[in-house]
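Structural description and commentary
Chain residues, written in single-letter form:
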Amino acid sequence: MADEDDLEELLEELDTQGDLETAEQVLSLRIEKRRYDKPVTIIEGFDLPQSELKSAASALKSALGTGGTVDEDRIELQGDHRDRVPDLLRERGFETRE
């Protein structure tokens, strides 16, 4: 019993559980045309707390040099970024499908 408690404490300390949860998420990526035919890249399927989702959105926006927002558990990025977003998400531990 004490061994199980030690193991759980170690897992929490290493945050292995969080990494496993991230790796199990499969995100979908799509493009929508919005006002004036401007493309918007939409990434859906996150199962993260709002603070982590905003952090992921901020990192993506910085890496891509674009604007965007978090809306209803999805990230919306201004522009068509289908070519770069999957690689950036894989670097953060997510799996994607288009």
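Heads up: these notes are all about the structure in this document. Note that the structure is a prediction, hence the values are computed from the model and not measured. (Residues numbered from 1 in each chain as written. Predicted model: local features only at pLDDT ≥ 70, side-chain atom pairs only at ≥ 80, totals over all residues. Heavy atoms only, no water.)

Thoughts on the sheet that holds strand E4 (residues 74-78)
Spatially, E3-E4-E2-E1-E5 is the arrangement adopted by the five strands of the open sheet, whose pairing is mixed. Each end of this open sheet is capped by a strand with a single partner; those strands are strand E3 (68-70) and strand E5 (95-97). Ignoring which end each strand starts from, the neighbouring axes of this sheet average 25° apart. Alignment of E3 against E4, held across three bridges, turns out to be antiparallel. If you follow Thr69 over to E4, its bridge partner there is Glu76. (Pairing = 2+ DSSP bridges. Helix = DSSP H or I, 4+ residues; strand = E, 2+ residues; numbered from the N terminus. Axes fitted to C-alpha atoms, helices over the stretch in contact; angles between N-to-C directions.)

Here's the deal with unusual backbone geometry
Not every positive phi belongs to a glycine, and Tyr36 is a case in point at roughly 60°. Its place among the elements puts Tyr36 in the loop between strand E1 (26-33) and strand E2 (39-44). Within the chain, Asp73 stands out as a residue other than glycine whose phi angle is a positive 60°. Turning to its location among the elements, Asp73 is positioned in the loop between E3 and E4.

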